[in-house]
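Chains, contacts and geometry: an overview
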Amino acid sequence: MLIPTSWLTRYVKLSVDPKELAHQLTMAGVEVESVEQIGMHLDPDLVVVGEIVKLEPHPNADRLQLPTVDLGTGESIKVVCGAPNVAVGQKVAFAKLGARLLNTHSGRDEPLRPAKIRGFESKGMVCSIKELSLGEDNEGILVLDPDAVVGSPLIDLVGDNLLNIAVTPNRPDCLSVLGVARE
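First, a word on what this report is: a plain description of the structure on this page. Since this is a predicted model, take the numbers as computed values, not measurements.

Secondary structure summary: the chain contains 4 helices and 13 strands in total. Dimensions along the principal axes, computed over C-alpha positions, put the chain at roughly 65 × 35 × 25 Å. When each of the 183 residues of the chain is scored for burial, the buried share is 37%. Entry remark: accessible area of the chain is about 10,300 Å², with carbon and sulfur atoms responsible for 50%. The centroid of the 17 positive side-chain charges in the chain is displaced by 6 Å from the centroid of its 25 negative side-chain charges.

Given below as structure tokens:
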């Protein structure tokens, strides 16, 4: 069973790192098999929450669009995007140049560089879940909660540590986040 540490903090104050927490839980009789980090690899300065404020069709391509993304610092960047679900008003994951992302063509983690796509230079990227290495979904961009703060680091929204707990038959009280928090 996977337990996000961010959920545990809703019930108890955690003053130890996730590995120490896993050790303490195991010593208390709740076996933690592993600790997995999700989204903790994202650079807080280069992968941020952006808001799409304008959307234009690409002049040289039918399936591409040119979203203008507000980064919350008074700076807006126009990029090339081929996602079918992009729309004005969305809060999105935005990667600035230099951010390390999964290149879905090569399958490798690579730094983001400027790219000229059909005659338009794109100096950033609106990202999918797969490009952020947060999952396998690559059908469109990651649309964030409308309450997300523009300009804030994406790691604050998606970064977490997951405790993989092996719940034994004698510990049904640990089949929930509240039960593990109580322990």
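Don't stop here, the text continues.
Turning our attention to the side chain of S152. By the secondary structure assignment, S152 is in the loop between β12 (143-144) and α3 (155-158). Of the residues examined, S152 reaches a relative accessible area of 18% and is grouped as buried. If near-sequence neighbours (up to four positions away) are discounted, S152 is found in contact with V48 and V49.

Turning to the side chain of E131, a few remarks are in order. Summarising the element assignment, E131 is placed in the loop between β11 (125-126) and β12. Although E131 is buried, it forms no salt bridge, and the closest oppositely charged side chain is K130 at an N-O distance of 9.4 Å. What E131 contacts, discounting residues up to four positions off in sequence, is L101, L102, T104, M125, V126 and N138.

Next up on the list: the pattern of salt bridges. Summed over all chains, the structure comprises 6 salt bridges. Measuring nitrogen to oxygen at the nearest pair gives 3.7 Å for the salt bridge that ties K54 to E56. The residue E136 makes a salt bridge to K130 at a minimum N-O spacing of 3.7 Å. Classification of E136 as exposed rests on a relative accessible area of 65%. Its relative accessible area of 23% is what places K130 among the partly exposed residues.

Let's shift gears to the sheet that holds strand β1 (residues 2-4). The strand order across the open sheet formed by 3 strands is β1-β13-β2, and the pairing between neighbours is antiparallel. Every other strand in the sheet has two partners, leaving β1 and β2 (31-38) as the edge strands with one partner each. Each neighbouring strand pair of the sheet contributes to a mean axis angle of 25 degrees, computed without reference to strand direction. Strand direction decides the pairing type here: β2 and strand β13 (residues 160-166), joined by 7 bridges, are antiparallel. The residue bridging I38 from the neighbouring strand is D160, located in β13. On the sheet, helix α2 (residues 18-27) packs against β2 and β13 and is oriented at approximately 165 degrees with respect to β2.

How each quantity is defined
Residues numbered from 1 in each chain as written. Predicted model: local features only at pLDDT ≥ 70, side-chain atom pairs only at ≥ 80, totals over all residues. Heavy atoms only, no water. Helix = DSSP H or I, 4+ residues; strand = E, 2+ residues; numbered from the N terminus. Buried < 20%, exposed > 50% of the residue type's maximum accessible area, 1.4 Å probe, protein only. Areas by Shrake-Rupley, 256 points an atom, 1.4 Å probe, with all protein chains shown as cover. Lys, Arg positive; Asp, Glu negative; His and termini not counted. Charge placed at Lys NZ, Arg CZ, Asp CG, Glu CD. Contact = heavy atoms within 4.5 Å. Salt bridge = Lys/Arg side-chain N within 4 Å of Asp/Glu carboxyl O. Pairing = 2+ DSSP bridges. Axes fitted to C-alpha atoms, helices over the stretch in contact; angles between N-to-C directions.

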